[in-house]
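Remarks on the overall topology
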Amino acid sequence: MKLSQLLFLFSLFFVLTACGYKPSTHYAKEELKGKIFVNLLIDLEDPRNAVLIKDAMNEIIVHRLNSKIVYDRKLADTVMDLKLNSVSMSVLQDDDQGYNKLYKAKVNVEVKYNNKEVIKSFNVSGDYDFSIDAGTTISDTRRFEAIRSAASEALEEVISKIAVNSFKK
């Protein structure tokens, strides 16, 4: 009886630890060491949408990486620069009367980070499809919400891109 229990526990331990799986957040945490300062490079043509990027990135850093954000560049171990490269809206579908009905918001964000050892950069993009009522135009509120959703989708890629970058020396 003792031998079978010991064998079972050994097998269970081996199965749970043998694969060596670590989630991408583990590698991203190693790459973005310590306290993080998020610097937003604001586009003067579209400042309202640029602020969305910083808020979404702060939320990802705090909630997904459990890292600490600092609001003074001098206190940071890692500095992350974000720049909203482009925002576009395109029509996907018209209704029977020729009115635009379905749209796609597309956002492209440049991410650059410096953790005092290396400087790395990459781009991420996200999109969001949405519809409007027949015969109406896109309101500023609807446009803003669509861009926010597309930006959040783009920034979800940041963790995996940083994890992949951690393997590149």
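Notes on the structure in this doc start here. (Residues numbered from 1 in each chain as written. Predicted model: local features only at pLDDT ≥ 70, side-chain atom pairs only at ≥ 80, totals over all residues. Heavy atoms only, no water.)

**Describing the overall build of the chain**
Basically, it comes down to this: Strands are runs of DSSP state E lasting at least two residues, helices are runs of H or I lasting at least four, and both sets are numbered from the N terminus onward. Just to be clear, the radius of gyration here is over C-alpha atoms, and the globule rule we use is 2.2 Å times residues to the power 0.38.
Looking only at helices and strands, the chain has four helices and four strands in total. The order of helices and strands in the chain, counted from the N terminus, is α-α-β-α-β-β-β-α. Against the compact-globule benchmark of 15 Å for 169 residues, the chain has a radius of gyration of 22 Å, which places it well outside the compact range. Each of the three principal axes of the chain carries a C-alpha extent, and together these read 75 × 45 × 25 Å.

**Comments concerning the pattern of salt bridges**
Any two side chains of opposite charge can pair, given that their charged atoms come close. The line we're drawing: Definition used for salt bridges: Asp or Glu carboxyl oxygen within 4 Å of a side-chain nitrogen of Lys or Arg. Under the scheme applied here, a residue whose accessible area is under 20% of the maximum for its type counts as buried, over 50% as exposed, and between as partly exposed, the area being computed with a 1.4 Å probe on protein chains only.
In the structure shown here, the tally under the stated rule is six salt bridges. Measuring nitrogen to oxygen at the nearest pair gives 3.1 Å for the salt bridge that ties Asp129 to Lys104. Remark: Lys104 occurs in strand S3 (residues 100-114) and Asp129 occurs in strand S4 (residues 119-131); sequence separation between them is 25 residues. Of the charged contacts, one joins Glu145 and Arg148 as a salt bridge, the two residues approaching to 2.5 Å between their closest N and O atoms. A residue pair is termed a helical-turn pair when its members lie 3 or 4 positions apart in one helix, as Glu145 and Arg148 do in helix H4 (residues 140-165) at three residues. A relative accessible area of 36% means that Arg148 is categorised as partly exposed. It is possible to trace a salt-bridge network through shared partners that takes in Lys104, Asp127 and Asp129.

**Some points on the sheet that holds strand S1 (residues 36-41)**
Two strands in a sheet stick together by hydrogen bonds in their backbones, pointing the same way (parallel) or opposite ways (antiparallel). The condition that has to hold: Each pair of strands is called paired provided DSSP finds at least two bridges between the two strands. Orientation is described by lines fitted to C-alpha atoms, with helices fitted over the stretch in contact, and by angles between N-to-C directions that extend from 0 to 180 degrees. What makes two residues a contact is simply this: any of their non-hydrogen atoms within 4.5 Å.
In space, the four strands of this open sheet follow the order S1-S2-S3-S4, with mixed pairing throughout. The open sheet is flanked by S1 and S4, the only strands paired with a single partner. Averaged over all pairs of adjacent strands, the angle between strand axes in this sheet comes to 25°, irrespective of strand direction. Across 14 bridges, strand S2 (residues 78-94) lies against S3 in antiparallel orientation. The residue of S3 that forms the bridge with Asp94 is Asn100. Relative to S4, H4 is tilted by about 145°, and along the sheet it contacts S2, S3 and S4.

**Observations concerning helix H2 (residues 24-31)**
Since the α-helix advances by 3.6 residues per turn, residues separated by three or four positions end up pointing in the same direction. Here is the rule we go by: Starting at the helix axis, one direction is taken to each C-beta atom, and the arc is that of these directions.
Those residues of H2 that sit buried are Thr25, Ala28 and Glu31. Along the axis of H2, the buried residues cluster in a sector spanning 115°; they form a single face. Those residues of H2 hidden inside the fold are in contact with S2, S3, S4 and H4.

**Let's talk about the packing of helix H3 (residues 47-63) against H4**
This is how the line gets drawn: Oblique is the label for any angle not under 35 degrees, not over 145, and not in the 65 to 115 range, which are roughly parallel, roughly antiparallel and roughly perpendicular in turn. The crossing is said to be left-handed when, going from far helix to near helix, the turn is anticlockwise and less than a right angle, and right-handed when the turn is clockwise. When residues are sorted by character, Ala, Val, Leu, Ile, Met, Phe, Trp, Tyr, Cys and Pro go into the nonpolar class, Asp, Glu, Lys and Arg into the charged class, and all the rest, Gly among them, into the polar class.
Orientation of H3 relative to H4, taken along the N-to-C sense of each, is 40°, at an axis distance of 9 Å. Regarding the angle of H3 to H4, the classification is oblique. Both H3 and H4 take part in a crossing whose hand is right-handed. Residues Arg48, Asn49, Leu52, Ile53, Ala56, Met57 and Ile60 of H3 touch H4, and the partners they reach there are Arg143, Phe144, Ile147, Arg148, Ala151, Ser152, Leu155, Glu156, Val158 and Ile159. Counted by class, the contact of H3 with H4 contains 11 nonpolar, two polar and four charged residues.

**As for H3**
Note the cut-off: By definition here, a helix of n residues has an expected span of 1.5 Å times n minus one.
Given a rise of 1.5 Å per residue, 17 residues ought to cover 24 Å, and the 25 Å separating the end C-alpha atoms of H3 matches this to within 8%. Within H3 the residues assigned to the buried category are Asn49, Ala50, Leu52, Ile53, Ala56, Met57, Asn58, Ile60 and Ile61. Buried positions along H3 lie against S1, S2, S3 and H4.

**Focus: the pairing of S3**
As paired elements, S3 and S4 share 13 bridges and run antiparallel to each other. For Tyr103, the partnering residue across the bridge sits in S4 and is Phe130.

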